[in-house]
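A closer look at the structure
Listed below, chain by chain, are the residues.
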Amino acid sequence: MEEITRLIAVRHGETAWNVDTRIQGQLDIGLNPTGLWQAERTGQALADEPIRVIYASDLSRAWQTAEAIAKPHGLTVQPEPRLRERAFGHLEGMSFAEIEAQRPVDAKRWRERDPEFEPVGGESLLTFRDRITTVASELAARHPGELVTLVAHGGVMDVLYRAATRQALQAPRTWQLGNAAINRMLWTPEGFSLVGWSDTAHLTADDTLDETTA
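Below or above, wherever it landed, is the structure these notes cover. (Residues numbered from 1 in each chain as written. Predicted model: local features only at pLDDT ≥ 70, side-chain atom pairs only at ≥ 80, totals over all residues. Heavy atoms only, no water.)

The number of helices and strands found in the chain is 7 helices and 6 strands. In terms of C-alpha radius of gyration, the chain reaches 16 Å, essentially the compact-globule figure of 17 Å for 214 residues. Along the longest, intermediate and shortest principal axes, the C-alpha atoms of the chain span 50 × 40 × 30 Å. Looking at the chain residue by residue over its 214 residues, the buried ones come to 51%. Partitioning the intrachain contacts of the chain with sequence separation of at least 6 by distance along the chain shows that 73% fall at a separation of at least 24. Summed over its atoms, the accessible surface of the chain is roughly 9400 Å², and 50% of this surface lies on carbon and sulfur atoms. In the chain, 22 positive and 31 negative side-chain charges are present, and the distance between their average locations comes to 2 Å. (Helix = DSSP H or I, 4+ residues; strand = E, 2+ residues; numbered from the N terminus. Rg over C-alpha atoms; globule rule 2.2 N^0.38 Å. Buried < 20%, exposed > 50% of the residue type's maximum accessible area, 1.4 Å probe, protein only. Contact = heavy atoms within 4.5 Å. Areas by Shrake-Rupley, 256 points an atom, 1.4 Å probe, with all protein chains shown as cover. Lys, Arg positive; Asp, Glu negative; His and termini not counted. Charge placed at Lys NZ, Arg CZ, Asp CG, Glu CD.)

Let's shift gears to helix 5 (residues 104-111). Restricting attention to buried positions, one finds in helix 5 the residues Asp106, Ala107 and Trp110. Relative to the axis of helix 5, the buried residues are bounded by an arc of 100° and lie together on one face. Elements in contact with the buried residues of helix 5: helix 4 (96-102). One or two steps after helix 5, the chain reaches Arg113, where phi turns positive at roughly 55°. (Arc of directions from axis to C-beta.)

Positive phi values are uncommon outside glycine, yet Arg166 reaches one of about 60°. Along the polypeptide, Arg166 turns up in the loop between helix 7 (154-165) and strand 5 (182-188).

Here we come to the environment of Pro50. Along the chain, Pro50 falls in the loop between helix 2 (33-45) and strand 2 (51-56). Beyond its immediate stretch of four places on either side in the chain, Pro50 contacts Arg6 and Leu147.

Before going further, it helps to examine the sheet that holds strand 6 (residues 191-199). As a general point, the strands of a sheet are linked pairwise by backbone hydrogen bonds and lie either parallel or antiparallel. Across the sheet, 6 strands lie side by side as 3-2-4-1-5-6; this open sheet has mixed pairing. The outermost strands of the open sheet, each flanked by one partner alone, are strand 3 (78-79) and strand 6. Where strand 5 meets strand 6, 6 bridges bridge the pair, whose relative direction is antiparallel. Paired with Leu186 across the strands is Ser193, a residue of strand 6. Docked against the sheet, helix 7 engages strand 1 (5-11), strand 4 (147-152), strand 5 and strand 6, running at close to 125° with respect to strand 6. (Pairing = 2+ DSSP bridges. Axes fitted to C-alpha atoms, helices over the stretch in contact; angles between N-to-C directions.)

Where helix 2 meets helix 3 (residues 60-70), the closest approach of the two axes is 7 Å, and the angle between their N-to-C directions is 30°. Of the two elements, helix 2 crosses helix 3, and the hand of that crossing is right-handed. Every residue of helix 3 that contacts helix 2 at Leu36, Ala39, Glu40, Thr42 and Gly43 is listed here: Gln64, Thr65, Ala68 and Ile69. Within the contact of helix 2 with helix 3, the residues separate by chemical class into 4 nonpolar, 4 polar and 1 charged. (Left-handed = near helix turned anticlockwise from the far one by under 90°. Nonpolar A, V, L, I, M, F, W, Y, C, P; charged D, E, K, R; others polar.)

Position of Arg11 among the secondary structure elements: in strand 1. Overall, Arg11 belongs to the buried group, its relative accessible area being 1%.

Written out as structure tokens, the structure reads:
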């Protein structure tokens, strides 16, 4: 009988660029004061969970969040660069409004979730989806019967939700991807399944921006 791996997936806390609706992608932006508070609260909320290991994107905003989760457990965060946000290439650093105004063709393809749209210097949704599902499955497979925490980005959370609910890349998003929300899944060799999503009980309602700017 195969053993199930339990997964807790957490998006990083808030950054100044989240507030500004600016695309971070793989640029290394740290948490703002609210984000640091959110990370601390998330660490407290998960302090009693039997977490075996914590893997995180090596970008500062995810790493800082992961360290706050790891602290009560005395764990060392394991870096996993493949958990980075989708690479947005020449769109990184731009706000939503700037993309709409300056690159309307890119904006339209992004807004319509064109799976093959690849910003110059960036990744398509197809490439990004394959990267995330591969690494998440690989990490889960290392820890059968255990609880694993993955700390990453809004786009990563979106891919994991779609994988767990069998939704297409182009399906309209009806679920939340809030900063520092706690998301729970199961993994077996057959794939992911959803347990609970977007738990923000440890935060106040005003403290999670539902943006996918990473």
